[in-house]
Amino acid sequence: MEPLLRIERLTKHFPASAGAWGSSAAVHAIDDVTLEVRPGETLGLVGESGSGKTTLGRCALLLVEPTSGRVFFQERNLLQLKRGELRRMRRHMQMIFQDPFASLDPRMRVAEVLAEPFHIHERLSRSEIRARCRDLLRRVGLREDALDCYPHEFSGGQRQRIGIARALALQPRFIVADEPVSALDVSVGAQIINLLQDLQQQCNLTYLFISHSLPVVRHIASRVAVMYLGKLAEAGPTEEVLRRPMHPYTLLLLVSTPEISRSGRREFHTAPGELPSAVHPPSGCRFRTRCPLARQRCAVEEPPLRQLAPGHSSACHFAEEVPSRLNPAVFPM
Amino acid sequence: MALPLLEIRGLTVQFYTARGVLPAVQDVSLTIGQGEILGLVGESGCGKSVTALSILRLLPPNARIAAGQVLLSENGSGRDLAQLPEQELRSIRGARISMIFQEPMTALNPVMRVGDQIGEALLAHGLSHQREARAAALDTMRQVAIPDAERRIRQYPHQLSGGLRQRVMIAMALICRPSLMIADEPTTALDVTIQAQILALLAGLRERFGLALLFISHDLGVVSQIADRVAVMYAGRIVEHGPAREVFAAPAHPYTGGLLRAAPSLGSEPRRRLSAIEGPVPSLAELPPGCAFEPRCELRAPECSVAVPELIEAGPGHWTRCIRAAPRNS
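All residue numbers refer to positions counted from 1 along the written sequence of the respective chain. Labels follow written order: the first chain is A, the first ligand is 1, and so on. pLDDT decides what is reported in this predicted model: residues at 70 or higher carry local features, side-chain atom pairs at 80 or more are listed and counted, and totals for whole chains, interfaces and linings draw on all residues regardless. Only hydrogens and water are set aside; all other atoms, that is, all heavy atoms of the structure, feed into the side-chain values.

(A) A look at helix α3 (residues 110-121) of chain A. The cut-offs for exposure are 20% and 50% of the maximum accessible area for each residue type, with area from a 1.4 Å probe on protein chains only; residues under the lower value are buried, those over the upper are exposed, and the others partly exposed. The numbering of helices and of strands both runs from the N terminus, where a helix is a DSSP run of H or I of at least 4 residues and a strand a run of E of at least 2. Those residues of α3(A) lying buried are V110(A), A111(A), V113(A), L114(A), A115(A), P117(A) and F118(A). Contact definition: two residues touch when any of their heavy atoms are within 4.5 Å. Those residues of α3(A) hidden inside the fold are in contact with α4 (126-139) and α5 (156-168) of chain A.

(B) Geometry of the sheet that holds strand β3 (residues 37-41) of chain B. Residue and element names in this part refer to chain B. Any two strands with at least two DSSP-identified bridges between them are counted as paired. What the eight strands build is an open sheet, ordered β6-β7-β8-β3-β9-β10-β12-β11; its pairing is mixed. Edge strands, defined here as strands with exactly one partner in the open sheet, are β6 (97-100) and β11 (312-315). Across this sheet, the average inter-strand angle for adjacent strands is 20 degrees, counted without regard to direction. Where strand β10 (residues 237-243) meets strand β12 (residues 318-320), two bridges bridge the pair, whose relative direction is antiparallel. Within β12, the residue paired with H241 across the bridge is W319. Each of β9 (229-234) and β10 touches helix α11 (residues 254-262); the most contacted strand, β9, lies at about 100 degrees to it. Only C-alpha atoms enter the line fits that serve as axes; for helices the fit covers just the stretch in contact. Angles between N-to-C directions range over 0 to 180 degrees.

(C) Spatial organisation of the side chain of S103(A). All names here are of chain A. On the secondary structure map, S103 appears in the loop between β6 (93-96) and α3. Judged by its relative accessible area of 18%, S103 falls in the buried class. Identification of polar contacts relies on pairs of N or O atoms within 3.5 Å, with a donor-acceptor requirement for protein atoms, meaning one able to donate a hydrogen and the other able to accept it, and with residues adjacent in sequence counted only if both atoms are side-chain atoms. Within the structure, S103 has its side chain in polar contact with the backbone oxygen of D99 (distance 3.0 Å). When residues no more than four places from it in sequence are discounted, the contact partners of S103 are F97 and R166.

(D) Focus on the sheet that holds strand β3 (residues 42-46) of chain A. Residues and elements named next belong to chain A. One open sheet accounts for eight strands, arranged β6-β7-β8-β3-β9-β10-β12-β11; its pairing is mixed. One side of each edge strand has no neighbouring strand; the edge strands of this open sheet are β6 and β11 (306-309). Pairwise comparison of adjacent strand axes, ignoring direction, gives a mean angle of 20 degrees for this sheet. Where strand β10 (residues 231-237) and strand β12 (residues 312-314) come together, two bridges link them in antiparallel fashion.

(E) Broad picture of the environment of L71(B). All names here are of chain B. Tracing the backbone through its elements, the reader meets L71 in strand β4 (residues 63-74). Judged by relative accessible area, which is 14%, L71 ranks as buried. For the pair L71 and T31, spaced 40 residues apart in sequence, the C-alpha separation works out to 9.4 Å. Among all residues touching L71, those that are not within four sequence positions of it are L5, L6, E7, R9, R79 and D80.

Written out as structure tokens, the structure is:
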């Protein structure tokens, strides 16, 4: 099946002013990432802050202009579209943001927030727009009388529902959801995840779901891509990647994730050190400074993304040696 | 349980707001033993941070401790911090009880070298002179595993990563060798790999110094990994408390059970749907007359909306504020 979205060799460098003489440097936010999102699926994009996952999501919608690379949506290269064509394309590609407090204009009533996409993309009468807005609210589980309220009158979970309704307004095919439940409490986050899954069924949606949380991604995504310092570390079917990680960074994320312990047994597994600078990333493999498997070769030679099992690839020279998750002793504390 | 170090009895805190007087914390009683880690969990607005801030009376000006005692044990007797004159309380803050916060960047002084910030508490409490304070700061930075401490001691907070800043804050809270450290969401702003480092550090400090911790978090996984005992708050009240193992293995309050089921996990069987707790958290301005969780509770009965349930013992040392709680082994 043709992918709905295909990102090819995407690179995004942001200028960083470094040094007292204004010598120019670049933040390597994304370096040479290629990935696909298939119609109807949820691709989970995981990584820590600074991994480049948010930038990748924004590049996928061309909200941020890539430095190089290509972005195909429905087999058309978005970077070659004329302005008008791109704008018409945008109705099919929407975004849900992390912070439901920052992503809604506090001076706009819900009716105005939801009507804005219709003003831009459709010619509808006032009453038609109002009817569509009511319908949107109903679909995200809010009452119709919310239309005349301002964002501050809602809780975080309700605001996130408004943000979802706005993203749904033009019946998009593809939605980038950037940490949509990270700012919410657990009980409310579960409601939002269920809503996103219901809407996916009802509206035949495709999601690029960006999250720092492996448990959340495991629940919602059929495939997962793991990023580290601007590079794709590993990608594959979610259950397979989590059961048999082929990149030491994926394993590190797995063993660091605090699971609910019902036995009173405690384990802290992690690697020392922190994410290196994205202005001067390490030579060779970017993860080698924290990697227990790192050897000479890792500092010299950058590992390419290799396919190791059907649909499962890893960018590690020693992918075959990555221990199973059940043997986390490689990351003792 | 270990000998009690801090005992909170019947703490009630009210906030004076434009919407009226809000009961942020109601009738909260907690005990922390010496060298014990007590986890305080709950969702935003449940009163867990207000409870913590009340201990050292660091509440905002519109808040008032309306009732209750905060007894800090001292040579067999308890001093009530809620009644202590400000001057005396100051000798306890940072010395016997210290505190760390979620956001190290906002809790640290941006224009002061981290070494000076770490040593400041020693000087403020008159425990040492400048030169010794610097040596102690360096030593404490090593205790919290800050690499390259000799160089870092002269740096400013913005030159450090989030994980190192959190270590600096822990060093500040540790330097006077307190008996209790209050940690309010200390790992929430950190990535999981750094979070695991900080949790391991805190657990290690308890072992080494017999430090007791009041560990506040919304993250049940984190609390289950670090706490000996756990207390769950909902809408200003403690709804369940007990040994961490008991509470997580056999929750005795429907809210705790609901939270545990709502969180996605790595270990369980994949599920098609998450069992969310339906409905919103009630506003403190409009709390229902009975159990605050009743409107969202799957086990609710007519009598739940009559009066606030008392805490009842569900098992040894395991208490729940639910009239529907099944007695253990039935």
